[in-house]
Amino acid sequence: MVATFGKKMELKTFYVCGRGDFPYDMLRWDECWPADPASAARLGITYNREQRVVKLFSYKEPTRDRWSSFTWACAPENVWHK
């Protein structure tokens, strides 16, 4: 947890799944970032049209409907690759 102006904020983990260009604006919109180097590497894969999963961290809940508008699914756990 991180203290910000006297409030404790809980780090949230979520996963997004999609193919093609990654919607980079969503990193700003949801104030999130890749959880690990492997997830960061998956952001830049554009030539590969295979479905990929990216693990992200944020201090706020993701906006699932907005991710969906970019044809990327969003879930609190990795439901695509067990």
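Everything numeric here is computed off the predicted structure, so don't read it as measured data.

Asker: Residues and numbers for the pairing of strand E5 (residues 52–58), please.
Answerer: Successive side chains on a regular strand alternate, one facing one side of the sheet and the next facing the other. Counting buried residues in E5 gives 6 out of 7 residues, a clear majority hidden from the surface. Here strand E3 (residues 12–18) runs beside E5; their pairing, made up of 7 bridges, is antiparallel. Looking across to E5, one finds that Tyr15 is bridged to Lys55. Relative to E5, strand E4 (residues 32–34) runs antiparallel, the two being bridged by 3 bridges. Bridging from a neighbouring strand, Trp33 pairs with Phe57 of E5.

Asker: Which residues make up the packing of aromatic side chains, and what values do they have?
Answerer: Counted under the stated rule, the structure contains 6 aromatic pairs. Look at Phe14 and Trp67: their rings are 6.5 Å apart centre to centre, the planes differ by 65°, and that puts the pair in the edge-to-face class. Note that Phe14 is positioned in strand E3 and Trp67 in helix H3 (residues 64–69), a separation of 53 residues in sequence. Owing to a relative accessible area of 0%, Trp67 belongs among the buried residues under this scheme. Ring centres 5.5 Å apart and planes at 70° place the aromatic pair Phe22 and Tyr24 in the edge-to-face group. In this structure Tyr24 comes out as partly exposed when scored by relative accessible area, which is 45%. An aromatic cluster of at least three residues, connected via ring pairs, comprises Phe14, Phe22, Tyr24, Trp67 and Trp72. Above the face of the Trp29 ring, Arg66 is positioned so that its terminal group lies 3.8 Å from the ring centre.

Asker: Just give me the short version of the pairing of E3, but keep the residues and values in it.
Answerer: For E3, a buried count of 5 out of 7 residues is recorded, marking the element as mostly surrounded by other parts of the structure. By the bridge criterion, 3 bridges tie E3 to strand E6 (residues 73–75) in an arrangement that is antiparallel. Note on E6: the bridge partner recorded for Tyr15 is Ala75.

About the cut-offs
Residues numbered from 1 in each chain as written. Predicted model: local features only at pLDDT ≥ 70, side-chain atom pairs only at ≥ 80, totals over all residues. Heavy atoms only, no water. Buried < 20%, exposed > 50% of the residue type's maximum accessible area, 1.4 Å probe, protein only. Helix = DSSP H or I, 4+ residues; strand = E, 2+ residues; numbered from the N terminus. Pairing = 2+ DSSP bridges. Phe/Tyr/Trp six-rings, centres within 6.5 Å; stacked < 30°, edge-to-face > 60°. Lys NZ or Arg CZ within 6 Å of the ring centre and 35° of its normal.

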